[in-house]
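What the coordinates show
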Amino acid sequence: GAGVSQSPSNKVTEKGKDVELRCDPISGHTALYWYRQSLGQGLEFLIYFQGNSAPDKSGLPSDRFSAERTGGSVSTLTIQRTQQEDSAVYLCASSWTSLYEQYFGPGTRLTVT
Amino acid sequence: AQSVTQLGSHVSVSEGALVLLRCNYSSSVPPYLFWYVQYPNQGLQLLLKYTSAATLVKGINGFEAEFKKSETSFHLTKPSAHMSDAAEYFCAVSESSGGSNYKLTFGKGTLLTVNP
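Residues numbered from 1 in each chain as written. Chains lettered and ligands numbered in written order. Predicted model: local features only at pLDDT ≥ 70, side-chain atom pairs only at ≥ 80, totals over all residues. Heavy atoms only, no water.

1. Some remarks on the pairing of strand S8 (residues 88-95) of chain A
Residues and elements named next belong to chain A. Note the cut-off: Burial classification: accessible surface area is computed with a 1.4 Å probe over protein chains only, and a residue below 20% of its type maximum counts as buried, one above 50% as exposed, and the rest as partly exposed. A run of H or I in DSSP counts as a helix once it spans at least four residues, and a run of E counts as a strand once it spans at least two, with each numbered from the N terminus. Note on pairing: two strands pair once DSSP finds at least 2 bridges between them.
Most of S8 sits inside the fold, with eight of its eight residues counted as buried. Of the two faces of S8, the one carrying Ala88, Tyr90, Cys92 and Ser94 and the one carrying Val89, Leu91, Ala93 and Ser95 are both buried. Judged from the seven bridges that link them, strand S4 (residues 31-38) and S8 form a sheet pairing that is antiparallel. Bridging across to S8, Gln37 finds its partner in Val89. Note that S8 and strand S10 (residues 108-112) share three bridges and pair antiparallel.

Next comes the structure, spelled out in structure tokens:
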């Protein structure tokens with residue numbers, strides 16, 4: 001079956017522009033996660049969605065970051081007014097529920113110039 | 001707050017030699033523990049996990065890890081390294097109780113090189 005997919009695989013943007021990163025979870029998975037992987041900070045939790053519950057946004061680094069999950073499936077991570085420190089690989093993961101294994105997508109490499 | 005320390009950002013072994021990747025955790029209660037592997041330009045893949053059952057956990061690709069509460073450790077081992085094991089390995093921890101057991105805290109990673 002299809003795994004977690006993310007698009008685009010690479011994104012280069014100019015400082016100050018907005019970007020949207022997309023995640024398609026495994027069909028039927030109710031839990032969805034976003035992580036950020038950067039050289040300086042390693043792997044960091046960003047946000048968690050579980051069904052129709054309010055998301056856990058505690059890992060978002062600033063109010064320039066937001067995410068939504070439409071129809072309990074596809075999720076979009078939006079970064080407004082991008083800064084150079086936002087350059088990283090953004091990983092999405094999904095699982096049946098929070099108690100089960102998280103399956104990771106290949107990531108989106110964001111470069112802010 | 002939980003944390004994970006991986007000793008050694010880079011480990012190099014010869015093909016056929018023992019692989020030992022070290023992970024120590026800090027948590028007020030015994031947590032859930034995980035090892036993930038990441039191949040170049042790919043996402044993370046779960047190797048194995050400890051969720052308070054058997055302390056010796058066997059995973060995929062011949063890897064295993066032992067949970068040692070007294071040492072707050074969860075080291076990853078494989079008896080005989082293969083060239084295909086070359087990758088980056090991440091240890092991670094999550095709460096075993098409470099409402100945030102989904103939130104993984106990762107170590108900095110250990111890059112494993114396997115020499116022919």
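2. Re the nonpolar core
The nonpolar side chains of a soluble globular protein tend to be buried with one another. Residue and element names in this part refer to chain B. Put simply, the rule is: As used here, the term nonpolar core means buried Ala, Val, Leu, Ile, Met, Phe, Trp, Tyr and Cys residues forming a set that is joined through side-chain atoms within 4.5 Å. The contact definition used throughout considers only heavy atoms, calling two residues in contact when any of these lie within 4.5 Å.
Formed by 27 residues in total, the largest nonpolar core has its most connected members in Trp35, Leu48, Phe74, Leu76 and Tyr89. Every element with two or more residues in this core is listed here: strand S2 (10-14), strand S3 (19-26), strand S4 (32-38), strand S5 (44-50), strand S7 (64-68), strand S8 (73-78), strand S9 (87-94) and strand S11 (110-115). If we ignore the near neighbours within four places in the chain, the residues touching Phe74 are Cys23, Leu33, Phe34, Trp35, Leu48, Lys49, Tyr50, Val57, Ala65, Glu66 and Phe67.

3. Focus: the sheet that holds strand S1 (residues 5-7) of chain A
Pairing between the strands of a sheet is mediated by backbone hydrogen bonds and can be parallel or antiparallel. Residue and element names in this part refer to chain A. As a reminder, the rule being used: To obtain an axis, a line is fitted to C-alpha atoms, over the contacting stretch when the element is a helix, and the angle between two such axes runs from 0 to 180 degrees between their N-to-C directions.
Ordered in space as S1-S3-S7-S6, the four strands form an open sheet in which the pairing is antiparallel. Because the sheet does not close on itself, it has two edges, and the strands there are S1 and strand S6 (65-69). Between one strand axis and the next, the sheet turns through 15 degrees on average, direction left out of account. The pairing of strand S3 (residues 19-24) with strand S7 (residues 75-79) spans five bridges and is classified as antiparallel. Paired with Cys23 across the two strands is Ser75, which belongs to S7.

4. What about the pattern of salt bridges?
Residues and elements named next belong to chain B. Worth spelling out the cut-off: Salt bridge criterion: a side-chain nitrogen from Lys or Arg within 4 Å of a carboxyl oxygen from Asp or Glu.
Here the structure, examined in full by the defined rule, presents six salt bridges over all chains. Here Lys58 and Glu64 are joined by a salt bridge, their closest N and O atoms 2.7 Å apart. Between Asp85 and Lys78 there is a salt bridge; the shortest N-O distance is 2.9 Å. Comparing Asp85 with Lys78, the two get one shared label, buried.

5. Section: the interface of chain A and chain B
How large an interface is tends to be reported as the accessible area lost when its parts come together. The condition is simple: Accessible area that two parts lose when put together, with a 1.4 Å probe and added across both, is what the buried area reports. What qualifies as a polar contact is a pair of N or O atoms within 3.5 Å, subject to a donor-acceptor requirement within protein and to the restriction that residues adjacent in sequence count only when both atoms come from side chains.
Taken together, the contacts link 20 residues of chain A with 15 residues of chain B. With both sides pooled, the region where chain A packs onto chain B buries about 1500 Å², and carbon together with sulfur makes up 54% of that total. Considering only the side of chain A, the residues that lose the most area to chain B are Leu43, Glu101 and Phe104 of chain A, jointly responsible for 34% of the buried surface there. The interface formed by chain A and chain B contains one salt bridge. Between Asp56 of chain A and Lys103 of chain B there is a salt bridge, and its shortest N-O distance comes to 3.5 Å. Taken together, the links from chain A to chain B amount to five residue pairs in polar contact (both at pLDDT 80 or more).

6. With respect to the layout of surface pockets
We count it as follows: The rule is simple: put a 1 Å grid over the protein atoms alone, call a set of points where a 1.4 Å probe fits but cannot get out a cavity, call an open set with protein on both sides within 12 Å along at least five of seven lines a pocket, and count a residue as lining if it has an atom within 4 Å of a point. Grid points are joined across faces, edges and corners, and a volume is the space filled by probe spheres set on the points. Gly is put with the polar residues, along with every residue not named as nonpolar or charged; the nonpolar set is Ala, Val, Leu, Ile, Met, Phe, Trp, Tyr, Cys and Pro, and the charged set is Asp, Glu, Lys and Arg.
Of the pockets and cavities examined, the largest pocket occupies roughly 610 Å³. For the largest pocket, the lining is made up of 23 residues, of which Gln37, Val89 and Arg109 of chain A together with Gln38 and Glu88 of chain B are closest to its centre. Sorting the residues of the lining of the largest pocket by element identifies S4, strand S5 (42-50) and S8 of chain A together with S9 of chain B as the ones contributing at least two each. When residues of the lining of the largest pocket are assigned to their parent elements, the largest contribution, three residues, is made by S9 of chain B. Its residues placed into classes, the lining of the largest pocket shows ten nonpolar, ten polar and three charged.

7. What to know about the environment of Leu56 of chain B
Residue and element names in this part refer to chain B. Here Leu56 is to be found in strand S6 (residues 56-58). Given the relative accessible area of 40%, Leu56 is considered partly exposed. Apart from the residues lying within four places of it in its own chain, the contact partners of Leu56 are Glu64, Ala65 and Glu66.

So yeah, pure geometry; function would need other evidence.
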